[in-house]
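# Structure at a glance
Spelled out, the chains give:
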Amino acid sequence: MKPCEEEEGGAAAAAAAGGGGGDPWKECVEVAVQLALRAGQQKVSHLRRHPGPALCSSKTSTDPERAKKCDQQILQMRNSIIRKALTEEKQVSTKTSAADLVTETDHFVENLIISVLKEKFPSHRFIAEESTAAGSKCVLTDSPTWIIDPVDGTCNFVHRFPTVAVSIGFAVNKELEFGVIYHCTEERLYTGRRGQGAFCNDKRLQVSKETDISKALILTEIGPKRDPATLKLFLGNIERLLKAQAHGIRVIGSSTLALCHLASGAADAYYQFGLHCWDLAAATVIIREAGGTVIDTSGGPLDLMSCRVIAAGTREMAMFIAQEIQTIHYRRDDEN
């Protein structure tokens, strides 16, 4: 990825992005939503080689009839492309391990998102999964920064398992401002903005308030390492939580969507070692705005670059899990 412009302070960039108005990041949020929707349509039809028509909706059109027609067209397009994509062949390669997959769709969608954002916000910075895998530095500065996972759940996507999402987070002064996650096959748009709540398709999200592990459903993911020592720790952590009488532990193949399930109250906690800042950024805002807790596996504050996390509806639940699980060591994102 070509480096962005040299440091521009958050305040100056806010004025540029928001035109000096009272809501400096409003345009960024709107663009992120439109890009997530477009990416959700594009990623599931990876044989296409063009970005498609510009999206339109009732939120951007001044003609009610045209807006209604546009929304219907977008919905029809999304549905037909998704159904088609589940039967398409993919070009698959690996990154850090045989289980760490990437497809041409990952690259195509990431390029689509970044190219649009660079054109609209040339002073902003970017951290994105495939660019980082290709050698770009993963460094979070005070500048406005987009943190992007173009296809979360790539292994699911490869196997036509329909739990796949696009995730777009945004940070300023190293603080997460908003997150947008689009569940491509179920047409669920999750959004969260600091101080303004979290929503799924305009329905406000609220986490579970469960504090008792014996009544909890817990989510996790395996991570890319599959060596015997790592697998022993991973399975040992599951065993510890099951011995604590957790109702169950689920692995769905998408960190961002698992975290969205937590934000919606469908699960009580989530933990993982080996995920990345692009898996966490958008979801962290959504969970916090839904009333949840996101912390480091040590029990301390979240370190976005540490490749580990515990999230829960209550701090009590998060701290219990932090005391139970053993650490699986991964290199930090900012050490690449």
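Not measured: the values here are computed from a predicted model.

Take the overall build of the protein chain next. From N to C terminus, the protein chain includes 10 helices and 14 strands. For the protein chain, with 336 residues in total, the buried portion stands at 55%. Relative to all contacts within the protein chain whose residues are 6 or more apart in sequence, the contacts with residues 24 or more apart total 65%.

So, about the nonpolar core. Ranked by size, the top nonpolar core spans 39 residues in total, and within it Ile147, Ile181 and Tyr270 carry the most contacts. Contributions of two or more residues to this core are made by β5 (165-172), β6 (175-183), β8 (197-200), α8 (255-263), α9 (277-289) and β14 (308-312). Sorting elements by how many residues they give to this core places α9 first, with 9 residues. In this structure Ile147 touches Ile127, Leu140, Ser167, Ile168, Gly169, Ala171, Leu176, Cys277, Trp278, Ala281 and Leu304, once residues within four positions along its chain are discounted. Core analysis: the next-biggest nonpolar cluster, separate from the first, contains 29 residues, Ile114, Ile148, Val172 and Tyr182 among them.

Attention shifts here to unusual backbone geometry. At Arg160, a residue that is not glycine, the phi angle is positive and equals roughly 65 degrees. Relative to the helices and strands, Arg160 is located in the loop between α6 (154-158) and β5. In this structure, Glu187 is a non-glycine residue whose phi angle is positive, near 55 degrees. Along the chain, the position of Glu187 falls in the loop between β6 and β7 (188-193).

Now for the sheet that holds strand β13 (residues 293-295). Here we have 5 strands laid out as an open sheet, ordered β11-β10-β12-β14-β13, and mixed in their pairing. Every other strand in the sheet has two partners, leaving β11 (248-250) and β13 as the edge strands with one partner each. Within the sheet, the average angular offset between the axes of one strand and its neighbour, ignoring direction, is 20 degrees. Inspection of the sheet shows β13 paired to β14 by 3 bridges, in the antiparallel sense. Residue pairing across strands places Val294 opposite Ala311, the latter belonging to β14. Where α9 meets the sheet, it contacts β13 and β14, and its direction lies at approximately 140 degrees from that of β13.

Topologically, Asp296 is positioned in the loop between β13 and β14. A residue is classified by how much of its surface remains accessible, and Asp296, at 4% relative accessible area, is buried. In this structure Asp296 touches Pro301, Leu302, Ser306, Arg308 and Ile310, once residues within four positions along its chain are discounted.

One full turn of an α-helix is made of 3.6 residues, so residues set three or four places apart face in the same direction. The terminal C-alpha atoms of helix α7 (residues 228-243) lie 22 Å apart, and with 16 residues this matches the ideal 22 Å at 1.5 Å per residue to within 8%. Residues of α7 that are buried include every one of Thr230, Phe234, Gly236, Asn237, Ile238 and Leu241, and no others. Tucked inside the fold, the buried residues of α7 contact β10 (217-220), β11, β12 (269-273) and α10 (315-324). Looking one or two places after α7, you find Gln245, whose phi comes out positive at around 75 degrees.

So, how was this worked out
Residues numbered from 1 in each chain as written. Predicted model: local features only at pLDDT ≥ 70, side-chain atom pairs only at ≥ 80, totals over all residues. Heavy atoms only, no water. Helix = DSSP H or I, 4+ residues; strand = E, 2+ residues; numbered from the N terminus. Buried < 20%, exposed > 50% of the residue type's maximum accessible area, 1.4 Å probe, protein only. Contact = heavy atoms within 4.5 Å. Core = buried A, V, L, I, M, F, W, Y, C linked by side-chain atoms within 4.5 Å. Pairing = 2+ DSSP bridges. Axes fitted to C-alpha atoms, helices over the stretch in contact; angles between N-to-C directions. Expected span 1.5 Å × (residues − 1).

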